[in-house]
Amino acid sequence: MELRHLKFFVAVAEEGSLTTAAQKRLHTAQPSLSRQIRDLEYEVGTELFSRSVKGVELTPAGRAFLDHARLALAQVEAAVSAARRASEPARTSFALGFLTGMEMEWLPQAMRILRDELPNIDVTVSSQYSPDLADALMRGKLDLAFMRRETGMPDLEYRLVLCEPIMVVMPSDHRLAKKKSVTAKEIAKEPFIHMSGTAPVFRQVIDDFFAKHGFSVKTDLKIDNLGMAMSLVASTRALTLLPRYAKNFLTWSVTSRPIEGDDSPTIDLVVGYNKANRSPVLKLFLSRIDDLVSRVAESPA
C-alpha cells in the first residue's frame, strides 16, 4: 500500500465521485484513479466503495478505513515537516499529547492551527493513557495534552474542551441492539466488562453512574484499551461503556447505543498543561482552543 493510495481514497470519499475527485482534486485521468482505488481495495481485502450511476458511497469498511487514512496522512505530513526542520537550525518546538484514539479527531486540526500561526514550528506528537499524559506534563516532556481531568496533580491546569456522551457497546447481534437506546437497568442485567486502572477517571464516572441508579454490575473482566474492548465484547458477548469517540474504532462485530435518560453519563475531555510552562507557543495555542473545537465540529465525519 502506497501513500498515494490513501490520498486518492480520501479524495474520492470526500467528493463522492471518482470523476470529480480525478478532475478537481487529483488532476489525473478517471480510469487511472479507478485502477488505483481497485488496487487499494485488493490490498485491504474488501470493497471500500459501493458504486452506482449516481457516484460512489463508502461501504461500512470504507467508513472505518477513512478516519485511519486521514490520520495516517496527517502523521506523514508531521513526520516530513519534522525531518525537514531537523536539517535546519534549531526552531521552536511544541510537544502535543493525546489520549489514545483522540488524535484521530484532534491532531489534523491542531496541526493546521499551529501551522497557520507558526509555519516553522517543530511539533512532536505522542499517544498515551491519560495518567501517563499527566505524568509527562508534570515532567516537562509535553507542553499540552488532550486528556482527562486527572486528580492529585496540583501543578496542572485544565481547560474544558467538550463533555463527551458515554455509550453502550455490545455485540452487533445482541438483543439490545434492536433498541434505539438502552437504560441503566438493562445494562446492569447483562454481563459487564469494566475499565481497568489505566483510565481511573473514566472508571469512576461509570461507578458513579451505576451507584446513582442503585445498581451494581457483574464484572469479571477489565479492559485496558479500545482494541481490547472490541475483542472482549465480541468474544464474551458482555457489554461495556465507552466514550463516544470510540465509535471511530468499532468493528463490524460490535455496535453502540446511547444510554437512555436525561442523566446519561458524560466525561470531560480537557486540555491539560503545566502551570509553570511559560512557552509562548502554549499561550498561543490556548488562545485558539475555541477555534480548534469549532474546526473539529465542522470537519467531515
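Before any of the text, the structure's been laid out above.
First things first, this report covers the structure right here in the doc. Here the structure is a predicted model, which is why all the values come from computation and not from measurement.

How each quantity is defined
- Residues numbered from 1 in each chain as written.
- Predicted model: local features only at pLDDT ≥ 70, side-chain atom pairs only at ≥ 80, totals over all residues.
- Heavy atoms only, no water.
- Axes fitted to C-alpha atoms, helices over the stretch in contact; angles between N-to-C directions.
- Helix = DSSP H or I, 4+ residues; strand = E, 2+ residues; numbered from the N terminus.
- Parallel < 35°, antiparallel > 145°, perpendicular 65-115°, else oblique.
- Contact = heavy atoms within 4.5 Å.
- Nonpolar A, V, L, I, M, F, W, Y, C, P; charged D, E, K, R; others polar.
- Patch = residues over 30% accessible without salt bridge, like charges linked within 9 Å, V, L, I, M, F, W, Y side chains within 5 Å.
- Areas by Shrake-Rupley, 256 points an atom, 1.4 Å probe, with all protein chains shown as cover.
- Salt bridge = Lys/Arg side-chain N within 4 Å of Asp/Glu carboxyl O.
- Buried < 20%, exposed > 50% of the residue type's maximum accessible area, 1.4 Å probe, protein only.
- Pairing = 2+ DSSP bridges.
- Polar contact = N/O pair within 3.5 Å; in protein donor to acceptor, adjacent residues only side chain to side chain.
- Phe/Tyr/Trp six-rings, centres within 6.5 Å; stacked < 30°, edge-to-face > 60°.

### Points about the packing of helix 1 (residues 3-15) against helix 3 (residues 30-44)
- Between helix 1 and helix 3, whose axes approach to 10 Å, the crossing angle comes to 110°. The angle between the axes of helix 1 and helix 3 places the two elements in the roughly perpendicular class. Between helix 1 and helix 3, the contacting residues are Arg4, His5, Phe8, Phe9 and Val12 on the first element and Leu33, Gln36, Ile37, Asp39 and Leu40 on the second.
- A breakdown of the residues in the contact of helix 1 with helix 3 according to their chemical character gives six nonpolar, two polar and two charged.

### Some thoughts on a nonpolar patch on the surface
- On the surface, a cluster of nonpolar side chains totalling about 180 Å² of accessible area is made up of Leu3, Val76 and Val80.
- When you line up the elements, valine 80 lands in helix 4 (residues 60-86).

### Overview of the pairing of strand 5 (residues 144-147)
- Burial along strand 5 is two-sided: Leu144 and Phe146 facing one way and Ala145 and Met147 facing the other are all buried.
- With three bridges connecting them, strand 5 and strand 11 (residues 266-274) associate as antiparallel partners. Of the residues in strand 11, the one forming a bridge with phenylalanine 146 is valine 271.

### Here we look at the environment of arginine 295
- Tracing the sequence through the fold places arginine 295 in helix 11 (residues 289-298).
- According to the relative accessible area criterion, arginine 295 is partly exposed, its value standing at 22%.
- Through-space distance from the C-alpha of arginine 295 to that of isoleucine 113 is 9.6 Å; in sequence the pair is 182 residues apart.
- The contact partners of arginine 295, leaving out residues within four places of it in the chain, are Gln109, Arg112, Ile113, Asp116 and Arg288.
- Of the polar contacts made by the side chain of arginine 295, one reaches the side chain of aspartate 116; its length is 3.1 Å.

### Some thoughts on the packing of aromatic side chains
- One pass over the full model with this rule turns up eight aromatic pairs.
- A centroid spacing of 5.8 Å and a plane angle of 35° characterise the contact between phenylalanine 94 and phenylalanine 285, whose relative ring orientation is tilted. A residue pair is termed long-range when its members are at least 10 positions apart, and phenylalanine 94 in strand 3 (residues 93-99) and phenylalanine 285 in helix 10 (residues 280-287) qualify at 191 residues. In this structure, phenylalanine 94 and phenylalanine 285 share a single accessibility class: buried.
- Relative to phenylalanine 210, the ring of phenylalanine 192 lies with its centre 5.6 Å away and its plane at 80°, an arrangement referred to as edge-to-face. With phenylalanine 192 in strand 7 (residues 191-195) and phenylalanine 210 in helix 8 (residues 200-212), this pair connects stretches of sequence that are 18 residues apart. Each of the two residues, phenylalanine 192 as well as phenylalanine 210, counts as buried.

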